[in-house]
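# Understanding the architecture of this molecule
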Amino acid sequence: MAMPTTLTPPAPPELLSELRALVQAGRSRVARAVNSELVTLYWHVGKRLRDEVIGDERAAYGEQVVAEVAEALSAEFGRGFGKRSLYRMMRFTEVFPGPEIVSALRSQLSWTHFRELIAIDEPLKRQFYTELCRIERWSTRTLKSKMDGMLFEGTAIAKRPAAVVEGTLEGLRDDGRMTRDLVFRDPYVLDFLGLPADFSEAELEAAILRELEAFLLELGQGFSFVARQKRMSIGADDFYLDLLFFHRRLRALVAIELKLGRFDARDKGRMELYLRWLDRHERQPGENPPLGLILCADKNEEQIELLELSEGSVRVASYLTELPPRALLERKLVESIEHARARAGGGGRD
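Residues numbered from 1 in each chain as written. Predicted model: local features only at pLDDT ≥ 70, side-chain atom pairs only at ≥ 80, totals over all residues. Heavy atoms only, no water.

Looking only at helices and strands, the protein chain features 15 helices and 6 strands. Taken against the 2.2 N^0.38 rule, which gives 20 Å for 350 residues, the C-alpha radius of gyration of the protein chain at 26 Å runs more than 25% over that of a compact globule. Here the C-alpha coordinates of the protein chain stretch approximately 95 × 80 × 45 Å along the principal axes. Every one of the 350 residues in the protein chain was classed for burial, and the buried ones make up 41%. Sequence-distant contacts in the protein chain: of pairs separated by 6 or more residues, those separated by 24 or more amount to 63%. When the accessible surface of the protein chain is split by element, carbon and sulfur atoms take 52% of a total near 20,000 Å². Taken together, the 51 basic and 55 acidic charged side chains of the protein chain have centroids lying 3 Å from each other. (Helix = DSSP H or I, 4+ residues; strand = E, 2+ residues; numbered from the N terminus. Rg over C-alpha atoms; globule rule 2.2 N^0.38 Å. Buried < 20%, exposed > 50% of the residue type's maximum accessible area, 1.4 Å probe, protein only. Contact = heavy atoms within 4.5 Å. Areas by Shrake-Rupley, 256 points an atom, 1.4 Å probe, with all protein chains shown as cover. Lys, Arg positive; Asp, Glu negative; His and termini not counted. Charge placed at Lys NZ, Arg CZ, Asp CG, Glu CD.)

Further remarks concern empty space enclosed by the protein. Space left empty within the atom packing is revealed by a probe, the size of a water molecule, rolled over the atoms. Inspection of every chain in the model, using the stated rule, returns 1 cavity of 30 Å³ or more. Volume-wise, the largest cavity comes out at about 120 Å³. Around the largest cavity sit 16 residues that line it, and L132, E136, L182, R185 and G220 are the ones nearest its centre. A per-element tally of the lining of the largest cavity places helix α6 (residues 123-136) first, with 3 residues. (1 Å grid on protein atoms, 1.4 Å probe; cavity = no way out; pocket = protein on both sides within 12 Å on 5 of 7 lines; lining within 4 Å. Points joined across faces, edges and corners; volume = space filled by probe spheres on them.)

Once that is clear, we can look at the packing of aromatic side chains. One pass over the full model with this rule turns up 13 aromatic pairs. Their ring planes at 85 degrees and their centres at 5.4 Å tell us that F96 and F114 sit as a pair that is edge-to-face. Separated by 18 residues along the polypeptide, F96 in the loop between α3 (83-95) and α4 (99-105) and F114 in helix α5 (residues 111-117) bring together distant segments of the chain. Accessibility classification places F96 together with F114 in one group, the buried group. Ring centres 5.2 Å apart and planes at 80 degrees place the aromatic pair F128 and Y129 in the edge-to-face group. Each member of the pair, F128 as well as Y129, carries the same accessibility label: buried. These aromatic residues form a ring-pair network of at least three members: Y42, F77, F81, F92, F96, W111 and F114. (Phe/Tyr/Trp six-rings, centres within 6.5 Å; stacked < 30°, edge-to-face > 60°.)

A word on α3. With 13 residues, α3 ought to run about 18 Å at 1.5 Å a step, and its terminal C-alpha atoms sit 19 Å apart, in line with that. When we look at burial in α3, the residues that qualify are S85, L86, M89, M90, R91, F92, T93 and V95. (Expected span 1.5 Å × (residues − 1).)

Here L172 shows up in helix α9 (residues 162-175). Placed 144 residues apart in sequence, L172 and S28 show a C-alpha to C-alpha distance of 27 Å. Once you skip the residues sitting within four places of it in the chain, L172 turns out to touch E131, L132, R134, I135, R177, M178 and L182.

Another point: the environment of A197. Among the structural elements, A197 can be located in the loop between β1 (188-189) and α11 (201-210). Remark: the alpha-carbon pair of A197 and T321, spanning 124 residues in sequence, is separated by 9.3 Å.

Counting buried residues along strand β3 (residues 237-247), 8 of its 11 residues qualify, which places the element largely inside the surrounding structure. Two elements, β3 and strand β4 (residues 252-262), share 5 bridges in a ladder whose sense is antiparallel. Residue pairing in the sheet places F245 in a bridge with V254 of β4. Here β3 hands over to β4 after 4 residues, with R251 in that stretch at a positive phi of 50 degrees. (Pairing = 2+ DSSP bridges.)

On to the packing of α6 against α9. Two elements in contact, α6 and α9, have axes separated by 10 Å at closest approach and are oriented at 25 degrees. Relative to α9, α6 is oriented roughly parallel. The handedness of the crossing between α6 and α9 is left-handed. Along its contact with α6, which presents L124, Q127, F128, E131, L132, R134 and I135, the element α9 presents A162, V165, E166, L169, E170, L172 and R173. Of the residues contributing to the contact of α6 with α9, the split by class is 8 nonpolar, 1 polar and 5 charged. (Axes fitted to C-alpha atoms, helices over the stretch in contact; angles between N-to-C directions. Parallel < 35°, antiparallel > 145°, perpendicular 65-115°, else oblique. Left-handed = near helix turned anticlockwise from the far one by under 90°. Nonpolar A, V, L, I, M, F, W, Y, C, P; charged D, E, K, R; others polar.)

As structure tokens, then:
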């Protein structure tokens, strides 16, 4: 007579789940540690090579040294030490010259992050992307996407004088202090909405809510959705705010009004009314005063300058429902930056 088979109970699912989490966390720590050491290694290799060739005026000598080192290191250690890689390491130490800076960043940014950053020639722009990448924990892919989309040029901070930009970025680096100029941008590209040519304001709002995740990405990290058509009863009248968000780092409500046509000075008055109502009835203890963003098809620069809307709690920005050619977008952004800086240098506020 056959003996009954004893069934072994399966491993508890919670045990497997816990062990998977342990393995994944361990692998992540190992990867971060390896990356941190690689960044340090590449900085020191680049520093030593620069020290060797920087004082020699013979360009041929520098090229010869790099070629010979690349051949020797590649033969001994394999990929990662070719001529192009060594030149990247030298560039790395050129634009990040202080070892203390690299030491502070190496646990948060990978070598692939640094490869993208060292390709930026303008120091303030490079510092902008470095700090935002660190603070918002961008992947390399996200960093590249932000750079390709000209995030810096479209952000309000780019229109400030260089000294103001530098001070703002130092505050972000040293104290994690996020400012409105780092959050708000112009224009906002809403090409993902798929709107018809003759869309209405209601269709624009509905499309934003339908593609809310993409809209939040375009607004930037830190925004969370609160309400649509927020009702505000003021005396005998009811008003309805198009969209209401909260920004975590600014610790403030952000009211957004959508406008199909051109900005009008009267739009500022209505937004200020909304902000005062939100400040009185919705603002929570510990929060900063609410901010307003008027999104319109045309900004009307003359009125915006006279109203000094780049300084207060109400900002105006344009939106694009189709992504223009990069050359056209770049030209418009550069012209806008130059105009704003020239105005500031001619007696406008910093």
